[in-house]
Amino acid sequence: MQTQKKKLPIGMENFGDVRTEDFYYVDKTGMIAELLYNWGAVNLFTRPRRFGKSLNISMLEHFFSLQTEKSIFNGLEIADEEALCREYMGKYPVVSISLKGIDARTCQMALRMAARIVRRAASKVQYLLESEALSESDKIEYSRLLDSNMDEAVFCDSLRTLSEMLEKHHHTKVILLIDEYDVPLEKAYANGYYDEMLSLIRRLLGEALKTNSSLKFAVLTGCLRISKESIFTGLNNLKVLSLADERFDKYFGFTDQEVRELLAYYDAVDHYDVVKKWYNGYQFGSRNVYCPWDVLNYCDRIRSEPHVQPENYWMHTSSNDAVKRFIQESANAATKREIECLVAGEVITKKIYPELTSIDHIWSLLYATGYLTQRGQVKGRQVPLAIPNQEIRDIFETQIMEFFQENVRGDGETLSRFCDALQSGSQEDVEKVFTEYLRRSISIRDTAVSSHRKENFYHGILIGILGVKERWGISSNRETGDGYADILVEPDTGNVGIIIEVKYAHDGNMDAACAEALKQIEHTRYEDSLVDDGREHILKYGIACYKKRCRVLLSRS
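Helices and strands together make up the secondary structure of the chain, namely 22 helices and 15 strands. Taken over the C-alpha atoms alone, the chain extends approximately 95 × 60 × 45 Å along its principal axes. Going through the 557 residues of the chain one by one, you find that 55% of them count as buried. In the chain, the proportion of contacts linking residues at least 24 apart, taken out of those at least 6 apart, comes to 71%. Carbon and sulfur atoms form 45% of the exposed surface of the chain, whose accessible area is close to 24400 Å². Treating the 71 positive side-chain charges of the chain as one cloud and the 83 negative ones as another, the clouds have centres 4 Å apart.

Following this line, the structure appears as structure tokens:
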């Protein structure tokens, strides 16, 4: 009888649920011991999204909380630290909040959302209203945290107030956990109220972390390290544990050994190379790690569909605004070359600021958010950067194509020349105009990328150009004859039908690639459906591309 496998904890952020509901857990509890042995009053961990920050925050809450169920740590690494467990497990009131859900168009709405988060945390300890250790004025002050109309002043003082009340009641200091502290700032930047939100978060954290005598210690997580001068002014007890820090480098993300063990457990070791290519490649400190979100999602798919292709799971959990902004700067020739180098798998060395005065420094932002990662040794602030893996490269390629398609309509004159030449059978003009577009576009020239993927890129550019002819019939990868034609075009006037087959000349021999394209059109009888539709004159274009050059051959029937 086959043993039932544990469930995969996709999207789960509650440590207690993972441990009690029979989910697979990659043990990161060693982080607790490292935190306690290497004491920091305020600890800030900066890692990209989807690398386990929220689950680790929940793990810390369950370990220290007075309400903890100690048995959920049985068999885990921290259980071997018996002295630490006796001294710290289940011994502290814990205040834990997450700011990741704050996404508002105005600062007023963001404040209301943040106040609701604090109110939920305060409502969990309403026994304070009956506490003999609190005075009547203390209880009135605590009650303000439960008010649905909490004002700005009460909000900014809320975490310190809650800490003080809990210390008075329990006669012990409080542990404060704040997950994704920077999300409200990122959203505020996108919606134009960054300075207002910065002031709010600065005051909240200042009261909670700097003037809070009831604090045992605090842990914060986020993607970005906003500069101390901007948000942590006067906070002298802050320990920052960033992407480049070797301390705690194995506690966020999956290590190679952890991925091998997970795949072995689910009988999927034959997928290791694919998982490594698509989801590995991030360097935290001195360690290479995988994105847990991607590994878990792909493992879940292959359990039921062993032959399924890898997917881009990250793309659907983020707006990818940082990459969009980067691509939009490609009008600058130097930036365009840098983008092409990165997509080609090359390394670019850039000055990375350990702290961001805002989130407007694009290279530091791409690095902090995981779209670029360290490759090799850092020299001062000069960090060698590369795209981590195939998944992130896919995001870059998608954004490049979307940017091209958004901007192509602005060049009506050139578009008309191209479409007119295509319809009239002017091979030379088709080649000339398409070459102009390739020179202006961001090319994909990674030698590790298959010819098929490169052909898809050039195919996409052609579809983007032809899309301006709204009344033309454009079919992409349509089944016809004995195969699937790259592009079929039916202009809205005349009786011309157009077939386009795109090839990538991987060896640079574009003449041979054009000939191969035309041969494929003839062999697969792509013209049949056009003839059936009454198109009497068929123009067959074999288009070969190589980097920023193209060659066009025409055959008629």
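Don't stop here, the text continues.
Strand order in this open sheet of five strands is 2-3-4-1-5, and the pairing throughout is parallel. The two strands at the open ends of the sheet, each matched to only one other strand, are strand 2 (94-98) and strand 5 (238-241). Strand-to-strand, the axes of this sheet are offset by a mean angle of 10°, without reference to chain direction. As defined by bridge partners, strand 3 (residues 174-179) adjoins strand 4 (residues 215-222) across five bridges and the pair is classed as parallel. Looking across to strand 4, one finds that Ile 175 is bridged to Phe 217.

Once that is clear, we can look at the nonpolar core. Core analysis: the largest hydrophobic core is formed by 186 residues, its most contacted members being Phe 64, Leu 209 and Ile 500. Sort the elements by how many residues they give to this core and helix 5 (residues 107-123) lands first, with ten residues. Setting aside chain neighbours within four positions, we find Phe 64 in contact with Ile 32, Leu 36, Tyr 88, Gly 90, Lys 91, Tyr 92, Val 94, Ile 175 and Phe 217. Formed by seven residues, the second largest nonpolar core is a distinct cluster that contains Leu 488, Ile 499, Ile 521 and Ile 538.

If you roll a probe as big as a water molecule over the atoms, it shows you where there is empty space left. In this model, the largest pocket occupies a volume close to 1000 Å³. Around the largest pocket sit 44 residues that line it, and Arg 49, Arg 50, Phe 51, Lys 53 and Glu 180 are the ones nearest its centre. It is helix 8 (residues 183-191) that contributes the most residues to the lining of the largest pocket, five residues altogether. Here the residues of the lining of the largest pocket sort into 23 nonpolar, ten polar and eleven charged. Approximately 810 Å³ is the volume found for the second largest pocket. Along the walls of the second largest pocket sit 32 residues, with Glu 61, Ser 96, Ile 97, Ala 121 and Lys 124 positioned nearest its centre. Contributions of two or more residues to the lining of the second largest pocket are made by helix 3 (53-64), strand 2, helix 5 and helix 7 (152-170). The residue makeup of the lining of the second largest pocket, split by class, is 14 nonpolar, eleven polar and seven charged.

What follows concerns empty space enclosed by the protein. Counted under the stated rule, the structure contains one cavity of 30 Å³ or more. Lining the largest cavity are Pro 48, Leu 243, Tyr 282, Gln 283, Phe 284, Tyr 367, Gly 370, Leu 372, Thr 373 and Gln 374. The element best represented in the lining of the largest cavity is strand 6 (residues 282-284), accounting for three residues. A per-class count over the lining of the largest cavity returns six nonpolar, four polar and no charged.

Once that is clear, we can look at helix 8. Along helix 8, the residues that are buried comprise Val 183, Pro 184, Leu 185 and Ala 188. With its phi angle positive at about 85°, Gly 192 sits one or two positions after the end of helix 8.

Interpreting fine coordinate detail is not advised for predicted regions of low pLDDT. On average, the chain scores 90 in pLDDT, and the residues at 70 or more come to 95%. Across residues 479-483 the pLDDT falls below 50, and counting only partners more than four positions away or on other chains, this stretch makes 17 contacts in the model.

Spatial ordering of the open sheet is given by 8-10-9, a layout of three strands whose pairing is antiparallel. Only two strands of the sheet have a single neighbouring strand rather than two, namely strand 8 (348-351) and strand 9 (373-374). Pairing of strand 9 with strand 10 (residues 382-386), which is carried by two bridges, proceeds in the antiparallel orientation. Bridge pairing in strand 10 links Gln 374 to Leu 385.

Calculation rules
- Residues numbered from 1 in each chain as written.
- Predicted model: local features only at pLDDT ≥ 70, side-chain atom pairs only at ≥ 80, totals over all residues.
- Heavy atoms only, no water.
- Helix = DSSP H or I, 4+ residues; strand = E, 2+ residues; numbered from the N terminus.
- Buried < 20%, exposed > 50% of the residue type's maximum accessible area, 1.4 Å probe, protein only.
- Contact = heavy atoms within 4.5 Å.
- Areas by Shrake-Rupley, 256 points an atom, 1.4 Å probe, with all protein chains shown as cover.
- Lys, Arg positive; Asp, Glu negative; His and termini not counted.
- Charge placed at Lys NZ, Arg CZ, Asp CG, Glu CD.
- Pairing = 2+ DSSP bridges.
- Axes fitted to C-alpha atoms, helices over the stretch in contact; angles between N-to-C directions.
- Core = buried A, V, L, I, M, F, W, Y, C linked by side-chain atoms within 4.5 Å.
- 1 Å grid on protein atoms, 1.4 Å probe; cavity = no way out; pocket = protein on both sides within 12 Å on 5 of 7 lines; lining within 4 Å.
- Points joined across faces, edges and corners; volume = space filled by probe spheres on them.
- Nonpolar A, V, L, I, M, F, W, Y, C, P; charged D, E, K, R; others polar.
- pLDDT = per-residue confidence, 0-100.

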